[in-house]
Amino acid sequence: MIGFLALLLCAGMAHGEEDVVAAVDARAGEFAAVAQAIWEHAELGYLEERSSALLQEHLAAAGFRIERGVAGIPTAFVAEYGQGEPVVALLAEFDALPGLSQQAVAYRAPRVAEGAGHACGHHLFGAGSLAAVIVAAEWLQREGVAGTIRLYGTPAEEGGSGKVYMVRAGLFDDVDAVLNWHPADRNTASPRTTLANKSAKFRFRGVATHAAMAPERGRSALDAVEAMNHMVNLMREHVPQDARIHYVITRGGAAPNIVPEFAEVFYYVRHPDANILPELWDRVVKAAEGAALGTGTRMEYEVIHGNYNKLPNTALSQRVYEHLQRVGGVIYNDDERAFAEEIRATLGRTRLALGSEAEIQPFAAKDSKGSTDVGDVSWMVPTSDLGTATWVPGTAAHSWQAVAVGGMGIGIKGMVVAAKVLALTAVDLFADAALVAAARAELEQRRGEGFAYAPLLGDREPPLDYRK
Ligand SMILES: [Zn+2]
Ligand SMILES: [Zn+2]
């Protein structure tokens, strides 16, 4: 068994891969400082000026060529190093979430009252990908082989669909493989799907009047919202089981004695297949039109975002998994273990045990009910998946516990695991043309013949002020 493992390690650690791992370790302090700075900036979608600039600064210092403000988004960028094919790309997210500001302590305590926080770990996402591309670039230079490594600075993942505009602008057209990752409460390279997701704000306009003295003169915009919601709720019985439809009423009137002149409802519609989603979407729009007709109001809607479902790529993910097994999971020191135990006490019931952060989850296809703008990228370019234990096992994304560990050693250790795995897989792709071809063949087979990309959000411009 030991002989077999040694053989496996020798086979895997070809072309200077131990140097790649050592290079990540050697510069871990620098990349941790980048993550920490972005964690402190905690900038919201499309407003990530300092976070984006910091990543670009490190890329420029490492000799990357940078195109800034791409796809009409000031904080989006494409940085590249090297020449020729294959073109291997990583993604760097860096937007925070509103209302989730949190100190790096094991109890709820905002850093800034009602401020933003990195509850999805995008500061680690950005800095970990930065580490991987810089180390891969150093390898390209050392080995003197052809190949281009890119980092896409992708703003506003949280509801802003930043990547979709970048895909729509053709920025991914010449990429051979995308190595995607995301902070998680476990180590996994399982290929996963997500739900396609389209959203819009439906706005109704009626006639205001005194609700008691002259109700017959009014036309309630809130009635229209309620009628729409009722129709959509009836519709739930007649949609595919795996659809998800949810809404919030964002404007419902000012006072009960005024018939609401204006009301707004914000809808998300999700389905596992981006090709089926538009049929569901059209029915929701019909319900809105019917509601306006029946209540004597006017309706218009604005599409806010739209993400394709994520296509898995087993060929690429399998290779990521092999590297993840070699690199291994996250090992806490005594302080980190004590911190993790305190966090665990706040989590409630969870099936994932403390200690599992050191293990690698089995390789198995996974269906997530979430959505991401990586979906659109995955229909254009073979895209792998990776999650590393940047959070204490059992922690949910978008929680204060995720922010807390993201600001201390636990988050950084998970990020370093990801950086090593990503750098190793990137280097593999430069040395293994068969893997690049297999990943491409799988993409073509999965998306089917005659695929033509049409973004779910249509031709709208990036909503640069959606978090203002
Ligand atoms: Zn998120
Ligand atoms: Zn996220």
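Residues numbered from 1 in each chain as written. Chains lettered and ligands numbered in written order. Predicted model: local features only at pLDDT ≥ 70, side-chain atom pairs only at ≥ 80, totals over all residues. Heavy atoms only, no water.

Once that is clear, we can look at the coordination of the zinc ion (ligand 1). Those protein atoms acting as donors to the zinc ion (ligand 1) are Cys-120 (SG), Glu-158 (OE) and His-398 (NE2), and they sit at 2.0 to 2.3 Å. Sequence positions of the donors to the zinc ion (ligand 1) reduce to the motif C-x37-E-x239-H. Overall, the relative accessible area of 39% leaves His-398 in the partly exposed class. (Donors = N, O, S within 2.8 Å, 3.2 Å for Na, K, Ca; no water. Buried < 20%, exposed > 50% of the residue type's maximum accessible area, 1.4 Å probe, protein only.)

What follows deals with the coordination of the zinc ion (ligand 2). In the first shell of the zinc ion (ligand 2), the protein supplies Cys-120 (SG), His-122 (NE2) and His-182 (NE2), at 2.1 to 2.3 Å from the metal. Going along the chain, you hit the donors of the zinc ion (ligand 2) in the pattern C-x1-H-x59-H. Between the two metals, the zinc ion (ligand 2) and the zinc ion (ligand 1), the spacing is 3.2 Å, and Cys-120 donates to both. When its relative accessible area of 8% is taken as the criterion, Cys-120 is described as buried. We classify His-122 as buried; its relative accessible area is 0%.

Summed over the entire model, instances satisfying the criterion amount to one cavity of 30 Å³ or more. Considered as a void within the structure, the largest cavity measures approximately 40 Å³ in volume. If you go around the largest cavity, the residues you meet are Trp-39, Ala-42, Ser-101, Gln-102, Arg-111, Ala-116, Gly-117, His-118 and Val-403. For the lining of the largest cavity, the class distribution of residues is four nonpolar, four polar and one charged. (1 Å grid on protein atoms, 1.4 Å probe; cavity = no way out; pocket = protein on both sides within 12 Å on 5 of 7 lines; lining within 4 Å. Points joined across faces, edges and corners; volume = space filled by probe spheres on them. Nonpolar A, V, L, I, M, F, W, Y, C, P; charged D, E, K, R; others polar.)

Before going further, it helps to spend a moment on the nonpolar core. Note that soluble globular proteins tend to have their nonpolar side chains buried in a common cluster. Counting 133 residues, the largest nonpolar core has Phe-64, Ile-149, Tyr-152, Phe-172, Phe-202, Phe-204 and Met-228 as the members making the most contacts within it. A per-element tally of this core places helix α14 (residues 409-431) first, with 15 residues. If we skip the residues at most four places from it in the chain, Ile-149 touches Phe-64, Ala-79, Glu-80, Tyr-81, Val-88, Leu-90, Val-133, Ala-136, Ala-137, Leu-140, Ala-426 and Phe-430. Judged by nonpolar contacts, the second largest core, of six residues, contains Trp-39, Leu-97, Leu-100 and Ala-119. (Core = buried A, V, L, I, M, F, W, Y, C linked by side-chain atoms within 4.5 Å. Helix = DSSP H or I, 4+ residues; strand = E, 2+ residues; numbered from the N terminus. Contact = heavy atoms within 4.5 Å.)

A few words on the sheet that holds strand β5 (residues 177-179). Ordered by their spatial adjacency, six strands build an open sheet running β1-β2-β4-β3-β5-β13, and the pairing between neighbours is mixed. Two strands in the sheet have a free side with no partner beyond their single neighbour: β1 (65-68) and β13 (383-384). Here four bridges tie β1 to strand β2 (residues 77-83), and the two strands are oriented antiparallel to one another. Paired with Arg-68 across the bridge in β2 is Phe-77. Along the sheet, helix α5 (residues 122-143) contacts β2, β3 (87-92) and β4 (147-153); its crossing angle with β4, the most-contacted strand, is approximately 165°. (Pairing = 2+ DSSP bridges. Axes fitted to C-alpha atoms, helices over the stretch in contact; angles between N-to-C directions.)

To continue, consider the sheet that holds strand β10 (residues 262-271). On the basis of which strands lie adjacent, the open sheet formed by four strands has the order β9-β10-β8-β11 and antiparallel pairing. Here the strands that pair on one side only, and so sit at the sheet edges, are β9 (244-251) and β11 (298-307). Between one strand axis and the next, the sheet turns through 20° on average, direction left out of account. Alignment of strand β8 (residues 196-205) against β11, held across nine bridges, turns out to be antiparallel. Of the residues in β11, the one forming a bridge with Ser-199 is His-305.

A word on the packing of helix α3 (residues 28-41) against α14. Viewed as axis vectors pointing N to C, α3 and α14 meet at an angle of 120°, and their least axial separation amounts to 10 Å. In terms of their interaxial angle, α3 and α14 are classed as oblique. Our pair here, α3 against α14, has a crossing hand that is right-handed. Listed contacts from α14 to Ala-28, Phe-31, Ala-32 and Ala-35 of α3 are Ile-412, Met-415 and Val-416. Per-class residue counts for the contact of α3 with α14 are seven nonpolar, no polar and no charged. (Parallel < 35°, antiparallel > 145°, perpendicular 65-115°, else oblique. Left-handed = near helix turned anticlockwise from the far one by under 90°.)

This part is about the pattern of salt bridges. In total, this model carries 22 salt bridges according to the counting rule given. One salt bridge in this structure joins Arg-150 and Glu-80, with 2.8 Å as the shortest N-O distance. A residue pair is termed long-range when its members are at least 10 positions apart, and Arg-150 in strand β4 and Glu-80 in strand β2 qualify at 70 residues. With its nearest N and O atoms 2.8 Å apart, the salt bridge here joins Arg-150 to Asp-174. Pair noted here: Arg-150 is in strand β4 and Asp-174 is in the loop between α7 (162-168) and β5, with a separation of 24 residues, a long-range link. With relative accessibility at 8%, the residue Arg-150 sits in the buried group. Connected via shared salt-bridge partners are Arg-65, Glu-80, Arg-150 and Asp-174. (Salt bridge = Lys/Arg side-chain N within 4 Å of Asp/Glu carboxyl O.)

Tallied over the entire structure, the rule returns 15 aromatic pairs. An angle of 55° between the planes, with centres 5.8 Å apart, marks the rings of Phe-125 and Trp-181 as tilted. Taken together, the residues Phe-125 in helix α5 and Trp-181 in the loop between β5 and β6 (182-184) connect sequence positions 56 residues apart. Neither residue differs from the other here; Phe-125 and Trp-181 are each classed as buried. In this structure, Lys-201 is placed above the aromatic ring of Phe-266, and the distance from its NZ or CZ to the ring centre is 5.0 Å. (Phe/Tyr/Trp six-rings, centres within 6.5 Å; stacked < 30°, edge-to-face > 60°. Lys NZ or Arg CZ within 6 Å of the ring centre and 35° of its normal.)

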